[in-house]
Amino acid sequence: MATTALPIASERQNPLVRVAGLIPGILLLAAIGLAAKWIEQSINGYTKAHHIVFPNIEYVLWAIVIGLIIGNLVKVPAIFQPGIDTYEFWLKAGIVLLGSRFVLADILKLGGISLLLVFIEIGGSLLLMTALGRAFGLRPKLINLLAIGSAVCGVSAIIASKGAIDADDEDASFAIAAILGLGAISLVAFPLIGHAIHLSDHSYGLWAGLAVDNTAEATAAGALFSDTAGKVAVLTKTCRNALIGFVVLGYAIYWARKGQAETIGNKAAFLWRKFPKFVLGFLVISLAVSLGFFDKGQVASLANLSRWAFLLTFAGVGLRTNFRELSKQGVKPFVVGVLGEVLIAVLTLGLVVGANRIWTL
Amino acid sequence: MSDNQKVDTELASKHGLRLSTDAWAVWVALLLAVLVRVGVLQHISW
């Protein structure tokens with residue numbers, strides 16, 4: 001999850017002007033998303049009408065591809081940028097609304113399994129990335145940023161920890177570029193591997209949620225496989241996100257003890273500040289659905305609102321991935337990232353297969 | 001979960017309306033849920 005410059009959080013400006021400034025970019029996201037949906041429906045319609053056997057390519061892929069083409073081949077006018085940056089807002093709103101598709105019992109079962117695997121994944125990822133970074137002679141704080149980004153929640157985790165461990169802007173840029181580049185690769189690689197080894201929807205969703213770093217990419221990688229896999233990927237990724245504060249706090253204390261970062265005063269306040277609030281929103285909606293607060297039609301409406309929010313998100317994921325910018329960041333952190341991510345993907349796949357034998361996911 | 005969170009608390013105290021992306025997303029989603037519940041938003045299709 002990259003940082004979003006929602007107008008509400010930006011500097012002093014008339015709120016109405018700020019909201020108006022979002023409209024062009026949001027319309028662009030919507031246009032890309034709708035075009036993606038139209039392409040999916042058109043291909044499906046054509047192949048059905050002509051009795052052609054063709055795999056269903058989800059709108060998710062088309063939205064990302066169209067976004068990538070526009071973002072990399074055309075210089076998007078600055079007027080669109082504030083609205084494009086809202087993709088993270090739509091992602092989080094979509095996750096909260098996705099809570100309507102889980103009753104609490106599902107969350108307790110799947111979330112419990114996910115949480116257990118998430119603990120193992122975080123520990124394993126931190127160790128792996130640290131070992132690889134040291135082997136390649138990367139700077140210590142860059143190693144930490146890469147480790148946190150790959151263990152917890154990608155770009156957000158890097159940004160959250162950058163301030164806490166007082167890392168350089170350059171290190172943060174390296175780490176973010178590596179995580180975003182790998183996120184783009186995972187969108188293609190994960191669904192292909194998942195289908196090749198015949199993972200079930202649940203197993204694949206769990207794997208994507210554990211191994212793909214950025215929440216937007218994890219959501220997209222899950223949805224590219226199937227609707228159910230997307231749901232499970234979001235739940236698993238949400239469990240990972242929920243732990244960000246603890247990981248960042250650990251690193252902040254480590255660097256403060258070395259005298260290279262500010263000491264954390266109130267640890268509870270620090271944890272609350274870093275805690276992703278959308279996790280709470282997700283649980284509130286799920287609780288309301290579990291208590292029968294919404295009827296069946298209303299639950300379907302909430303689920304569809306979540307899909308619309310994700311549609312805008314996926315368009316934004318494609319638009320903001322700029323390969324030229326990513327390639328400027330150098331090779332070494334990317335090599336460490338690739339090696340680390342491949343090992344983490346293998347580790348988490350092993351965890352999922354193991355968990356599947358115990359719980360039949 | 002981002003830079004916005006850093007400004008979250010300070011902004012919330014100084015300028016009541018300023019929230020992080022995270023918090024805005026939650027409030028907007030909850031508002032949509034309430035609108036669906038009371039029937040203002042109905043039959044949202046996909």
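On a predicted model such as this, the values are computed, not experimentally measured, just so you know.

Helix and strand content of chain A: 17 helices and zero strands. Relative to the 2.2 N^0.38 estimate, which gives 21 Å for 361 residues, the radius of gyration of chain A is 20 Å and therefore close to what a compact globule would have. Counting only C-alpha atoms and orienting by the principal axes, one finds that chain A spans roughly 65 × 55 × 45 Å. Split into buried and exposed, the 361 residues of chain A put 54% on the buried side. In chain A, once contacts between residues fewer than 6 apart in sequence are set aside, the share between residues at least 24 apart is 80%.

On to the overall build of chain B, then. Secondary structure summary: chain B contains two helices and zero strands in total. Of all 46 residues assigned to chain B, the portion counted as buried reaches 39%.

Mapped onto the fold, Glu325 of chain A is located in helix α16 (residues 323-327). Separated by 148 residues in sequence, Glu325 of chain A and Ala177 of chain A place their C-alpha atoms 8.1 Å apart.

Time to look at the environment of Leu343 of chain A. All names here are of chain A. Secondary-structure assignment places Leu343 in helix α17 (residues 332-359). Judged by the 17 C-beta atoms lying within 10 Å of it, Leu343 is partly exposed. A sequence separation of 64 residues divides Leu343 from Val279, and the C-alpha atoms of the two residues are 28 Å apart.

Residues and elements named next belong to chain A. For Ile66, the location among the structural elements is in helix α2 (residues 59-73). The spatial distance from the C-alpha of Ile66 to the C-alpha of Ile32 is 6.7 Å, given a sequence separation of 34 residues. Residues within four places of Ile66 in sequence aside, it is in contact with Ile32, Ala35, Ala36 and Gly318.

All names here are of chain A. Its 12 residues place the ends of helix α7 (residues 154-165) 16 Å apart at the C-alpha level, agreeing with the 16 Å of an ideal helix rising 1.5 Å per residue. In terms of burial, α7 is largely enclosed, as 11 of its 12 residues are buried. Those residues of α7 that fall on the buried side of the exposure criterion are Gly154, Val155, Ser156, Ala157, Ile158, Ile159, Ala160, Ser161, Lys162, Ala164 and Ile165. In the segment just after α7, Asp166 is the residue with positive phi, at about 55°.

Quick look at the packing of helix α5 (residues 104-135) of chain A against helix α9 (residues 201-211) of chain A now. For any two helices packed against each other, one specifies the crossing angle of their axes together with the interaxial distance. All names here are of chain A. In the contact formed by α5 and α9, the axes pass within 10 Å of each other and the chain directions differ by 40°. One finds that α5 runs oblique with respect to α9. Pair α5 / α9 crosses with right-handed handedness. Here Ser114, Leu117, Val118 and Glu121 of α5 come into contact with α9, specifically with Leu206, Gly209 and Leu210. Per-class residue counts for the contact of α5 with α9 are four nonpolar, two polar and one charged.

It is worth spelling out the packing of helix α15 (residues 296-320) of chain A against helix α2 (residues 21-38) of chain B at this point. As a packed pair, α15 of chain A and α2 of chain B sit with axes 10 Å apart at the nearest point and diverge in direction by 150°. Regarding the angle of α15 of chain A to α2 of chain B, the classification is roughly antiparallel. Regarding α15 of chain A and α2 of chain B, the two cross each other, and that crossing is right-handed. Packed against α15 of chain A, whose contacting residues are Gln298, Ser301, Leu302 and Leu305 of chain A, the element α2 of chain B presents Leu32, Ala33, Val36 and Arg37 of chain B at the interface. Of the residues that constitute the contact of α15 of chain A with α2 of chain B, the class distribution is five nonpolar, two polar and one charged.

On average, residues of chain A carry a pLDDT of 85, and 95% of them reach 70 or more. Scored below 50 in pLDDT, residues 1-9 of chain A shows 47 contacts in the model against residues more than four places distant or in partner chains.

Per-residue pLDDT for chain B averages 74, and the proportion of residues at 70 or more is 61%. Segment residues 1-16 of chain B is flagged for pLDDT under 50; beyond a separation of four residues in sequence, or across chains, it makes 38 contacts in the model.

With that out of the way, let us pick up unusual backbone geometry. All names here are of chain A. One non-glycine residue, His51, lies in the positive phi region at around 50°. As for its position among the elements, His51 is in the loop between α1 (15-49) and α2. Among the residues examined, His51 registers 6 C-beta atoms within 10 Å and is labelled exposed. The residue His198 is not glycine, and still its phi comes out positive at about 55°.

All names here are of chain B. Compared with the 26 Å implied by 1.5 Å per residue over 18 residues, the 26 Å span of α2 between its first and last C-alpha is a close match. Of all the positions in α2, only Thr21, Asp22, Ala23, Trp24, Ala25, Val26, Ala29, Leu32, Ala33 and Val36 are classed as buried. Gly39 sits one or two positions beyond α2 and adopts a positive phi of about 95°.

Cut-off values and rules
Residues numbered from 1 in each chain as written. Chains lettered and ligands numbered in written order. Predicted model: local features only at pLDDT ≥ 70, side-chain atom pairs only at ≥ 80, totals over all residues. Helix = DSSP H or I, 4+ residues; strand = E, 2+ residues; numbered from the N terminus. Rg over C-alpha atoms; globule rule 2.2 N^0.38 Å. Buried ≥ 20, exposed ≤ 12 C-beta atoms within 10 Å, placed from the backbone. Contact = placed C-beta atoms within 7 Å. Expected span 1.5 Å × (residues − 1). Axes fitted to C-alpha atoms, helices over the stretch in contact; angles between N-to-C directions. Parallel < 35°, antiparallel > 145°, perpendicular 65-115°, else oblique. Left-handed = near helix turned anticlockwise from the far one by under 90°. Nonpolar A, V, L, I, M, F, W, Y, C, P; charged D, E, K, R; others polar. pLDDT = per-residue confidence, 0-100.

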